[in-house]
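The chain contents come next:
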Amino acid sequence: MSNSFAGKRIVFGVTGSIAAFKVAGWVSALAKEEALVDVVMTEAAAKFVAPLTFASLSGRPVFEDMFSAEQEGGISHIGLSREADCILIAPATAKTIARLAYGLADDLLTTTVLAARIPVIICPAMNVQMYEHPATFNNLKILRKFGYHIIEPDSGLMACGEEGSGRLPEWEQVAEYVLRQILSQDLAGQKVLVTAGPTREPYDPVRFISNRSSGKMGFALARTAFRRGAEVTLISGPTAQQPPAGVECVNITTALEMHQAVMERYEDKSIIIKAAAVSDFRCATQSDEKIKKNRSSLVMELEQNPDILKELGRICDHNRQLLIGFAAESSNIEEEGRKKLLDKELDLIAVNDISSASAGFEVDNNQITLIDSFQVVKLLHTSKLQTADLIWDHVVSNEMLKTDRP
Ligand code: CTP
């Protein structure tokens, strides 16, 4: 997840649900990323998990009641949130949600929230009947009106044996929503379209021509754009990547399907970034039956796929849409990049140096050179997630955004 939480201070409220044991892992993940986590437990929470568990994982004292909080170096319900970047309450029980909705400040957690002027993120977790009860529904509606961010629970089998909505989501999902609350929202108001992954060009019912793209770079661009406040659509070929939280995902298989998906969605976007490795050719014919090997050779005719990026360069509105392409090159990085920048009428091209085994296809790191009409900037050799952030940094700091932010 990279160290996006490093130095961030989070008040982490834990309430009395069986899911309390799950968030021990969340606190541990935050501490590993060098976040400062102040865990505040309700009385009921401490019956499910020992406060010592959270103290050991966060490396910091755990706050349980007003009195003990004031003992800890004078930190009070006001002081706890004053220094923090956000309050995260997980799991949030129906009772805590109700108390917060009615401003019932009767313990350290509820008084801390009432006194706070920072983002509040709530992860409800309870039995499905309780979650779907009109009382809970109305209380959550009130919390949304306060501007609190409610993260929808997952569906599935619960600890009580019933099935339905009310399960605590996985940390990987929740972390993205928390980051969107605490990181600089420099892409707020932007509508971003990202393409990612390979395409597959079938020639019989079980076989296809494809390439080694893992989708990691495109998924990292989508994930980081969401964290920085954008509304993101991700069109992807088949990959092993998890869909990023908060991102609209469209799955396609062939280059022609990607072409159609992009053409249907590009018009209202303010940033279009094409990280997909589109197959340049598709099989001219496709056998309905699996091709047998009872022959000594097989000649296949290929025909060219549309160059989606080039078409976008021609038809998009360059006054209000920022068009960014990628190029995979093994030599003459700058020259080849510049050629594609001009030929495809792009605003910016990210040239991927695939000559080294530690950057480019399949691996976690990238070595990118950014080229536009004015400058050439070589980015650090770093993780694809960090590379994605560096690309957005470049776009923002060079004032390349064409749509005003709200
Ligand atoms: N691209 C595209 N449609 C294609 C081929 C490529 O939209 N049919 C886009 C890719 O998503 C990428 C850029 O074009 O953003 C460059 O891809 P790359 O494979 O480096 O270059 P090509 O244009 O295919 O040229 P070549 O393979 O000859 O280097």
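Our subject is the structure that appears above.
These numbers were taken from a predicted model, which means no experiment stands behind them.

Caption draft 1: Quick look at the sheet that holds strand β17 (residues 348-353). Across the sheet, which stays open at both edges, the 8 strands sit in the order β12-β11-β8-β13-β16-β17-β19-β20 with mixed pairing between neighbours. Either end of the sheet is taken by a strand with one partner, and the two such strands are β12 (248-251) and β20 (376-378). Going from strand to strand, the sheet's axes swing by 15 degrees on average, the running direction of each strand aside. Two strands pair when backbone bridges link them, and strand β13 (residues 271-274) and strand β16 (residues 322-329) are joined in this way by 4 bridges, in the parallel orientation. Of the residues in β16, the one forming a bridge with Lys274 is Gly325. This element, helix α12 (residues 255-265), spans β8 (191-196), β11 (231-236), β12 and β13 of the sheet and lies at about 160 degrees to β11. Along the sheet face, helix α14 (residues 333-343) touches β16, β17, β19 (368-371) and β20 and points at about 145 degrees away from the line of β17.

Caption draft 2: Examining the packing of aromatic side chains more closely. Applying the stated criterion across every chain, the model contains 5 aromatic pairs. Arranged with centres 5.5 Å apart and planes meeting at 70 degrees, the rings of Phe146 and Tyr148 form a pair that is edge-to-face. On the basis of relative accessibility, which here comes to 44%, the residue Phe146 falls in the partly exposed class. Of the aromatic side chains, those joined through ring pairs into one cluster are Phe5, Phe12, Trp26 and Trp171.

Caption draft 3: Seen up close, the site of the ligand. Taken together, 14 residues lie around the ligand, and Lys274, Ala276, Phe326, Lys340 and Lys344 are the ones closest in. Lys274 has a polar backbone atom sitting 2.7 Å from an oxygen atom of the ligand. One of the backbone nitrogen or oxygen atoms of Pro306 is found 2.9 Å away from a nitrogen atom of the ligand. Spatially, the ligand is embedded in the largest pocket. Elements that contribute at least two residues to the shell around the ligand include exactly α13 (308-315) and β16. Among the elements that take part in the shell around the ligand, β16 stands out by supplying 4 residues, more than any other.

Caption draft 4: Representation of the sheet that holds strand β2 (residues 36-41). One open sheet holds the 5 strands; their spatial order is β2-β1-β3-β4-β5, and the pairing between them is parallel. Looking along the sheet, the strands with just one partner apiece sit at the ends: β2 and β5 (149-150). Bridging between strand β1 (residues 9-14) and strand β3 (residues 86-92) involves 4 bridges; their strand directions are parallel. By the bridge assignment, Phe12 is partnered in β3 with Leu88. Strands in contact with helix α10 (residues 171-182) are β3, β4 (120-124) and β5; relative to β3, the strand with the most contacts, it is inclined by about 155 degrees.

Caption draft 5: View of the pattern of salt bridges. Enumeration according to the criterion identifies 23 salt bridges in this entry. Across the pair Asp38 and Arg9 runs a salt bridge, and its minimum N-O distance is 3.3 Å. Placement of Asp38 in strand β2 and of Arg9 in strand β1 is noted, with a sequence separation of 29 residues between them. With its nearest N and O atoms 2.5 Å apart, the salt bridge here joins Asp204 to Arg207. Since its relative accessible area comes to 1%, Asp204 is described here as buried. On the basis of relative accessibility, which here comes to 28%, the residue Arg207 falls in the partly exposed class.

Caption draft 6: Highlighting helix α11 (residues 216-227). Look at α11: 16 Å from first C-alpha to last across 12 residues, which is about the 16 Å you get at 1.5 Å a residue. Summarising burial for α11: 10 of the 12 residues are buried, a large majority. Regarding α11, the residues found buried are Met217, Gly218, Phe219, Ala220, Leu221, Ala222, Thr224, Ala225, Phe226 and Arg227. Downstream of α11 by one or two residues, Gly229 has phi in the positive range, about 105 degrees.

Caption draft 7: Layout of α13. Taken together, the buried positions of α13 are occupied by Ile308, Leu309, Leu312 and Gly313. The arc that holds the buried residues of α13, viewed along the axis, is 140 degrees, so those residues lie on one side. Contact partners of the buried residues in α13: α12, β13 and β16. At the N-terminal end of α13, a side-chain oxygen is found 3.2 Å from the backbone nitrogen of Leu309, two or three residues along, and the residue is Asp307.

Caption draft 8: Geometry of the nonpolar core. Counting residues in hydrophobic clusters, the biggest one holds 34 residues, and the most contacted among them are Leu221, Val232, Ile273, Phe326 and Ile391. Looking at this core, the elements that each hand over two or more residues are β8, α11, β11, β13, β16, β17, β19 and α15 (384-397). In terms of residue count, the dominant contributor to this core is α11 (7 residues). Setting aside chain neighbours within four positions, we find Ile391 in contact with Met217, Leu221, Ile273, Phe326, Ala350, Leu370 and Leu379. Core analysis: the next-biggest nonpolar cluster, separate from the first, contains 33 residues, Trp26, Ala35, Ile151 and Leu179 among them.

Caption draft 9: View of the environment of Leu52. Position of Leu52 relative to the elements: it lies in helix α3 (residues 51-58). Expressed as a C-alpha distance, the spacing of Leu52 and Val250, which sit 198 residues apart in the sequence, is 44 Å.

The rules we used
- Residues numbered from 1 in each chain as written.
- Predicted model: local features only at pLDDT ≥ 70, side-chain atom pairs only at ≥ 80, totals over all residues.
- Heavy atoms only, no water.
- Pairing = 2+ DSSP bridges.
- Helix = DSSP H or I, 4+ residues; strand = E, 2+ residues; numbered from the N terminus.
- Axes fitted to C-alpha atoms, helices over the stretch in contact; angles between N-to-C directions.
- Contact = heavy atoms within 4.5 Å.
- Phe/Tyr/Trp six-rings, centres within 6.5 Å; stacked < 30°, edge-to-face > 60°.
- Buried < 20%, exposed > 50% of the residue type's maximum accessible area, 1.4 Å probe, protein only.
- Near = heavy atom within 4 Å.
- Polar contact = N/O pair within 3.5 Å; in protein donor to acceptor, adjacent residues only side chain to side chain.
- 1 Å grid on protein atoms, 1.4 Å probe; cavity = no way out; pocket = protein on both sides within 12 Å on 5 of 7 lines; lining within 4 Å.
- Sits in = over half its atoms within 2 Å of the grid points.
- Salt bridge = Lys/Arg side-chain N within 4 Å of Asp/Glu carboxyl O.
- Expected span 1.5 Å × (residues − 1).
- Arc of directions from axis to C-beta.
- Core = buried A, V, L, I, M, F, W, Y, C linked by side-chain atoms within 4.5 Å.

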